[in-house]
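Reading the structure
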Amino acid sequence: MDPAFHCDCTQQVSYADGLSAITQLVFGVPQGSVLGPLLFLLYTTELFDIIAQAGLSGQCYADETQVYISAPATSVSSRGVHGGH
């Protein structure tokens, strides 16, 4: 492996009010690398197939990916928002 792809980086995920443990990354793509966009595309190519197979939709911009699920408003209101009253 090219030494330029060895990374002295860490990663931590923030979700809701919590933080994951800090994890040391072994490999990465240097910022500004000409290979960065190509490697990102290769990494995410099948992601949107998987999202579509699950009946969801997704959006990808730069290095952020979002997955969406939607339901008709009637499906929420038919169950009763106030505990069925």
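1. Re the overall build of the protein
- Within the protein, the secondary structure is distributed over three helices and six strands.
- The buried share of the protein, reckoned over its 85 residues, is 7%.
- For the protein, contacts bridging at least 24 residues in sequence account for 12% of all contacts bridging at least 6.

2. Considerations on a nonpolar patch on the surface
- A surface patch of nonpolar side chains, amounting to about 550 Å² of accessible area, comprises V29, V34, L35, L38, L39 and L42.
- Relative to the helices and strands, L42 is located in helix α1 (residues 36–44).

3. Brief notes about unusual backbone geometry
- The phi torsion at A16 lies on the positive side, around 55 degrees, for a residue other than glycine.
- Tracing the backbone through its elements, the reader meets A16 in the loop between β2 (14–15) and β3 (18–19).

Analysis parameters
Residues numbered from 1 in each chain as written. Predicted model: local features only at pLDDT ≥ 70, side-chain atom pairs only at ≥ 80, totals over all residues. Heavy atoms only, no water. Helix = DSSP H or I, 4+ residues; strand = E, 2+ residues; numbered from the N terminus. Buried < 20%, exposed > 50% of the residue type's maximum accessible area, 1.4 Å probe, protein only. Contact = heavy atoms within 4.5 Å. Patch = residues over 30% accessible without salt bridge, like charges linked within 9 Å, V, L, I, M, F, W, Y side chains within 5 Å. Areas by Shrake-Rupley, 256 points an atom, 1.4 Å probe, with all protein chains shown as cover. Salt bridge = Lys/Arg side-chain N within 4 Å of Asp/Glu carboxyl O.

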